[in-house]
Amino acid sequence: MAKFAAGEARAWAMENLRGVNGCVMPSFTLDQSTLNEEAIRHDIRRERELGFTGFLIVAECGTTPEEFERFVEISVDEAGDDMVTIVQASAGTLADNVAVTQMAASKGVDLVMPSYPITFYPQDAAEVIDYTRAIADASDMGLIVFAMNLWNFTRLHPSGFAPDWLEEIVDTVPNVVAIKNEIGNFGVAGLAEVFWRLRDRVLVGDPLEVNAPAWIQAYGMPWMGTSNYEYFGDAIPRIHRMAHDEATRAEAMELYWRIDPARSATSSLMAEANGGTSFVHRLLWKYQGWLQGFNGGPVRSPHARLHDRQMVQLRNAAVASGLDVTDEPDASFFTGRIR
């Protein structure tokens, strides 16, 4: 069951949604014929061990609708009462995303985070707001607004997701609980505007860990997610936690700087992988987690290819950052730990 009653999502989140939420991707059997349930449970247990308070149930790895439903069931069961579950509603149409939302709600997922389909081409702000409201109205789950600058909305507002739109969504959609705040480009003024306008009414989190200490000091950011934090082991939950306490803030910054080689490698490779496509390289993310004890293994095509030079760069950067990296050969990543 979800962790709050109908109509109480926002109040619950303002009181209880805390810490860092990562990402769990589905694992498949080696022949890719079906889900690998034990590997999925292994990864969720690993999230808990590293200090994550919840996770995104990732939908962009080639699962069929039936498999994704089972993935959701496994995730909710393994998460238990102590971890927050967030379903990714990233199907190709509004109707499909409404169906995903309703399915997830029936399984006891706590929150939904919708994407905007690649064929969604709104002509004005009202269409963006109405789309978001339609997902929210599909269930009693809390909704995280994924406000970023890569939805191709910049023709409507230079930020890519106008703060005024967010304010209207917060005002008119009661079960909106949080904003994943990635608006604007070439600077942080837009991000700051969302914090100062809305942080007292819903949770506002910048998922970019590189910015976390600044937003914690400026606005007390209590929650952040979701992204490929697994690459850094337990470092991001620790930094987030320590940065809130003046007594441990300096220690948080020492760790922040120590992991900079890994941060730089991620930034470089993600920019290369995206290449203007706005496409998340999930196999690369899976490899990053595998370095830190997650299952690894295949995702289904079509997907981006992971090259040796990318794996070498990520492994070497993690070692340079003092992270506890597996000594297994990279070939083992492609088969996964749990077979």
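All values derive from a computational prediction rather than experimental measurement.

A. View of the packing of helix 5 (residues 125-137) against helix 6 (residues 163-172). Two elements in contact, helix 5 and helix 6, have axes whose closest approach is 10 Å; the angle formed by their N-to-C orientations is 35°. In this structure, the crossing between helix 5 and helix 6 has a hand that is right-handed. Here Ala125, Val128, Ile129, Thr132 and Arg133 of helix 5 lie close against helix 6, whose contacting residues are Trp165, Glu168, Ile169 and Thr172. Residue composition of the contact of helix 5 with helix 6, grouped by class: 5 nonpolar, 2 polar and 2 charged.

B. Region of the structure containing the side chain of Thr226. Among the secondary structure elements, Thr226 is positioned in the loop between strand 8 (223-225) and helix 9 (235-243). Not counting the four nearest positions on each side in its chain, Thr226 is found in contact with Asn21, Gly22, Cys23, Leu56, Ile86, Met113, Lys180 and Pro207.

C. Region of the structure containing the pattern of salt bridges. Applying the stated rule across the entire model yields 26 salt bridges. Here Glu69 and Lys107 are joined by a salt bridge, their closest N and O atoms 3.0 Å apart. In this pair, Glu69 is assigned in helix 3 (residues 65-79) and Lys107 in helix 4 (residues 94-107), connecting sequence segments 38 residues apart. The exposure class of Lys107 is partly exposed, given its relative accessible area of 25%. Here Glu73 and Arg70 are joined by a salt bridge, their closest N and O atoms 3.1 Å apart. Of this pair, Glu73 and Arg70 both sit in helix 3, 3 residues apart, which is roughly one turn of that helix. Overall, the relative accessible area of 26% leaves Glu73 in the partly exposed class. By relative accessible area, Arg70 is classed as partly exposed at 33%. Each of Glu37, Glu38, Arg41, Arg45, Glu69, Arg70, Glu73, Asp77, Glu78 and Lys107 takes part in one network of salt bridges that share partners.

D. The sheet that holds strand 1 (residues 19-24), seen in detail. Strand order in the open sheet made by the 8 strands is 7-6-5-4-3-2-1-8, with parallel pairing throughout. The open sheet has two edge strands, strand 7 (203-205) and strand 8, and neither has a second partner. Across the sheet, the mean angle separating the axes of adjacent strands is 25° when strand polarity is ignored. The sheet contact formed by strand 4 (residues 111-114) and strand 5 (residues 142-148) spans 2 bridges and is parallel. Directly across from Leu111, in strand 5, lies its bridge partner Gly142. This element, helix 5, spans strand 4 and strand 5 of the sheet and lies at about 155° to strand 5. Against the sheet, helix 6 makes contact with strand 5 and strand 6 (176-182), and its axis sits at roughly 165° relative to strand 6, the strand it touches most.

E. Main features of unusual backbone geometry. A cis geometry characterises the amide bond from Gly225 onward to Thr226, with omega recorded as -5°. Residue Pro302 is reached from Ser301 by a cis peptide bond, and omega for that bond is 0°. By secondary structure assignment, the location of Pro302 is in the loop between helix 12 (282-290) and helix 13 (308-320). Phi at Asn152 is positive, roughly 70°, even though this residue is not glycine.

F. Quick peek at the pairing of strand 5. Along strand 5, 7 of the 7 residues are buried, which leaves the element largely enclosed by surrounding structure. Because side chains alternate across strand 5, one face comprises the buried residues Gly142, Ile144, Phe146 and Met148, and the other comprises Leu143, Val145 and Ala147, equally buried. Sheet analysis places strand 5 next to strand 6, joined by 6 bridges and oriented parallel. Of the residues in strand 6, the one forming a bridge with Leu143 is Val176. For the crossover from strand 5 across helix 6 to strand 6, the handedness is right-handed.

G. Representation of the packing of aromatic side chains in the model. By the definition in use, this model includes 22 aromatic pairs. Judged by centre distance (6.2 Å) and plane angle (50°), the ring pair of Phe153 and Phe161 falls under tilted. Neither residue differs from the other here; Phe153 and Phe161 are each classed as buried. Taken together, the ring pairs connect Tyr116, Phe120, Tyr131, Phe146, Trp151, Phe153, Phe161 and Trp165 into an aromatic cluster. Residue placement shows Arg155 over the ring face of Tyr121; its charged tip is 3.7 Å from the ring centre. Seen from the ring of Tyr256, Arg263 lies directly overhead, with NZ or CZ sitting 4.0 Å from the centre.

H. Expanded view of the packing of helix 12 against helix 13. Running from amino to carboxyl end, helix 12 crosses helix 13 at an angle of 35°, the nearest separation of the two axes being 11 Å. Both helix 12 and helix 13 take part in a crossing whose hand is right-handed. Between helix 12, through Leu284, Tyr287, Gln288 and Trp290, and helix 13, the contact on the second element is made entirely by Met311, Leu314 and Arg315. Grouping the constituent residues of the contact of helix 12 with helix 13 by class yields 5 nonpolar, 1 polar and 1 charged.

The rules behind each value
Residues numbered from 1 in each chain as written. Predicted model: local features only at pLDDT ≥ 70, side-chain atom pairs only at ≥ 80, totals over all residues. Heavy atoms only, no water. Axes fitted to C-alpha atoms, helices over the stretch in contact; angles between N-to-C directions. Helix = DSSP H or I, 4+ residues; strand = E, 2+ residues; numbered from the N terminus. Left-handed = near helix turned anticlockwise from the far one by under 90°. Contact = heavy atoms within 4.5 Å. Nonpolar A, V, L, I, M, F, W, Y, C, P; charged D, E, K, R; others polar. Salt bridge = Lys/Arg side-chain N within 4 Å of Asp/Glu carboxyl O. Buried < 20%, exposed > 50% of the residue type's maximum accessible area, 1.4 Å probe, protein only. Pairing = 2+ DSSP bridges. Right-handed = clockwise from strand over helix to strand, strands pointing away. Phe/Tyr/Trp six-rings, centres within 6.5 Å; stacked < 30°, edge-to-face > 60°. Lys NZ or Arg CZ within 6 Å of the ring centre and 35° of its normal.

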